[in-house]
Amino acid sequence: MGRPKSSGKSFVEWCNENGQRGARLLLECREKDPSKLTKASHDKALWKCAEEKCRHKWRAQVSDRTKSVKPRGCPKCANRMPHSKTNNFLTWCDANGERGKRLLEEFCDTEKKPEELTKSSDYKALWKCLHKRCKHEWSATVASRTRSVRPAGCPGCDRLRKKDAPDA
Ligand SMILES: [Zn+2]
Ligand SMILES: [Zn+2]
C-alpha cells in the first residue's frame, strides 16, 4: 500500500454519502484502516465479497470500485453472472424474436428453468430439436446457443444434412 494522496475525498466519507452502495463497499473493504484510503485512490485495496455464498477475497483499486461508470464488483460473482428478473435466458429469448422463440421451444431441460439461467451461462442444458424428421435431444451450454457468432445448432440436423448431401 502506498501512502494515500493528501488530496481527494476520503473513501469512508464517500461511502457514508453513497447510501447502500457506499455501505456495501465499506463492508467489503478489508484494509486495516479504511480511513486512510481516498475515494479515487489507485492503490490496490483488499476486498471481501459481502455475498453470503461467495465471500471471495480480491484486490482492486479503490477508484475502480467507487467510479460512477462501470464500477467493478466482485470478480467471482461477475463470472457467475447471477440471473435476475431482467437478465436471464427467458428475457433474452423474448428480446430476440424468432430466434429467441425457437431456442425457448427447443429448451427442454428439467433441472433448470429458462429464467434461472443467463444467456451466457456455461450450464449444459437439454435441448430438443423441433424438426419433424429429427427430434434429436442433446445437451449444450446456453452460451453456445445464444452467442452471436456461429451459434451451435442441432447436431442431429447436421448429420441429416450430411446424409442428404449428394455424393461429390
Ligand atoms: Zn462475490
Ligand atoms: Zn435436429
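Parameters and conventions
Residues numbered from 1 in each chain as written. Chains lettered and ligands numbered in written order. Predicted model: local features only at pLDDT ≥ 70, side-chain atom pairs only at ≥ 80, totals over all residues. Heavy atoms only, no water. Donors = N, O, S within 2.8 Å, 3.2 Å for Na, K, Ca; no water. Tetrahedral: all angles 85-135°; square planar, octahedral: opposite > 155°, others 65-115°. Helix = DSSP H or I, 4+ residues; strand = E, 2+ residues; numbered from the N terminus. Buried < 20%, exposed > 50% of the residue type's maximum accessible area, 1.4 Å probe, protein only. Arc of directions from axis to C-beta. Core = buried A, V, L, I, M, F, W, Y, C linked by side-chain atoms within 4.5 Å. Contact = heavy atoms within 4.5 Å. Disulfide = S-S within 2.5 Å. Domains from an automatic or database assignment. Phe/Tyr/Trp six-rings, centres within 6.5 Å; stacked < 30°, edge-to-face > 60°. Lys NZ or Arg CZ within 6 Å of the ring centre and 35° of its normal.

Q: So what exactly am I meant to see when it comes to the coordination of the zinc ion (ligand 1) here?
A: Tetrahedral coordination by four donors sets the ideal angle at the metal to 109.5 degrees; octahedral coordination by six donors sets it to 90 or 180 degrees. Protein coordination of the zinc ion (ligand 1) is provided by Cys-49 (SG), Cys-54 (SG), Cys-74 (SG) and Cys-77 (SG), with donor distances spanning 2.2 to 2.4 Å. Its four donor atoms give the zinc ion (ligand 1) angles of 105 to 114 degrees at the centre, a pattern that matches the tetrahedral case. Mapped onto the sequence, the donors of the zinc ion (ligand 1) take the spacing C-x4-C-x19-C-x2-C. Of this pair, Cys-54 sits in the loop between strand S1 (44–48) and strand S2 (57–61) while Cys-77 sits in helix H4 (residues 75–80); the two residues are 23 residues apart in sequence, bridging distant segments of the chain. For the residue pair Cys-54 and Cys-77, the accessibility class agrees, reading buried in each case.

Q: Would you mind showing me how to read helix H8 (residues 155–164) here?
A: Note that an α-helix has 3.6 residues per turn; residues three or four places apart therefore point the same way. Residues of H8 that are buried: Gly-156, Cys-157 and Leu-160. Buried residues of H8 fall within an arc of 95 degrees about the axis and therefore sit on the same side. H8 presents Arg-159, Arg-161 and Lys-162 as exposed residues on the side facing more than 90 degrees away from its buried surface.

Q: Is there a simple way to explain the coordination of the zinc ion (ligand 2) in this structure?
A: In this structure, Cys-129 (SG), Cys-134 (SG), Cys-154 (SG) and Cys-157 (SG) serve as the protein donors to the zinc ion (ligand 2), at separations of 2.3 Å. One can describe the donor arrangement at the zinc ion (ligand 2) as tetrahedral, given that its four donor atoms subtend angles of 100 to 115 degrees at the metal. For the zinc ion (ligand 2), the single-chain donor residues occur in sequence as C-x4-C-x19-C-x2-C. Taken together, the positions of Cys-134 in the loop between strand S3 (124–128) and strand S4 (137–141) and Cys-154 in the loop between helix H7 (142–146) and H8 put the pair 20 residues apart, joining distant regions of the chain.

Q: When you look at the nonpolar core in this model, what are you seeing that I'm missing?
A: Here is a general trend for soluble globular proteins: nonpolar side chains tend to be buried in one another's company. Counting 16 residues, the largest nonpolar core has Phe-89 and Trp-127 as the members making the most contacts within it. Only helix H5 (89–94), S3, S4 and H8 provide two or more residues apiece to this core. Looking at which element gives the most residues to this core, the answer is H5, with three residues. Those residues within four positions of Phe-89 in sequence are excluded, and the remaining contacts are Leu-103, Leu-104, Phe-107, Pro-114, Leu-117, Thr-118, Lys-119, Trp-127, Val-142 and Thr-146. In terms of nonpolar packing, the next biggest core, distinct from the first, is built from 15 residues, Cys-29, Leu-37, Cys-54 and Cys-77 among them.

Q: Before we go on, may I ask you to explain the state of the cysteines in this structure?
A: What we call a disulfide is simply a covalent bond connecting the sulfur atoms of a pair of cysteines. Under the criterion given, the structure shown has zero disulfides. Cys-108 provides the cysteine sulfur closest to Cys-93, a residue in no disulfide bond, and the two sulfurs are 13 Å apart. Residue classification places Cys-93 among the buried positions, given a relative accessible area of 3%. This cysteine, Cys-108, is not joined by any disulfide, and Cys-129 carries the nearest cysteine sulfur, 11 Å off.

Q: Which parts of the structure should I look at to understand unusual backbone geometry?
A: Only a minority of non-glycine residues have a phi that is not negative, and only a minority of peptide bonds are not trans. The phi dihedral of Arg-55 is positive, around 55 degrees, even though this residue is not glycine. With respect to the helices, strands and loops of the structure, Arg-55 is situated in the loop between S1 and S2. Owing to a relative accessible area of 42%, Arg-55 belongs among the partly exposed residues under this scheme.

Q: When you look at the domain arrangement of the chain in this model, what are you seeing that I'm missing?
A: It is common to give the size of an interface as the accessible area that goes away when the parts come together. Split into domains, the chain comes out as domain 1 (11–79) and domain 2 (89–164). A C-alpha centroid distance of 38 Å is found between domain 1 and domain 2.

Q: How do you make sense of the packing of aromatic side chains when you look at a structure like this?
A: The description of an aromatic ring pair rests on the distance of the ring centres and on the angle between the ring planes. What the rule picks out here adds up to five aromatic pairs. Judged by centre distance (5.5 Å) and plane angle (45 degrees), the rings of Phe-89 and Phe-107 are tilted. Here the residue Phe-89 occupies a position in helix H5, and Phe-107 occupies one in the loop between helix H6 (97–106) and S3, the gap between them amounting to 18 residues. The pair Phe-89 / Phe-107 is uniform in exposure class, with both members buried. Between Phe-89 and Trp-127 the ring centres are 5.9 Å apart and the planes differ by 90 degrees, which places this aromatic pair in the edge-to-face class. Highlighted residues: Phe-89 in helix H5 and Trp-127 in strand S3, separated in sequence by 38 residues. Neither Phe-89 nor Trp-127 differs from the other in exposure class; each is buried. Taken together, the aromatic side chains of Phe-89, Trp-92, Phe-107 and Trp-127 make up a single cluster linked through ring pairs. Between Lys-112 and the ring centre of Tyr-123, over which it is positioned, the NZ or CZ distance is 5.6 Å. Over the ring of Trp-127 we find Arg-145, and its NZ or CZ is 4.9 Å from the ring centre.

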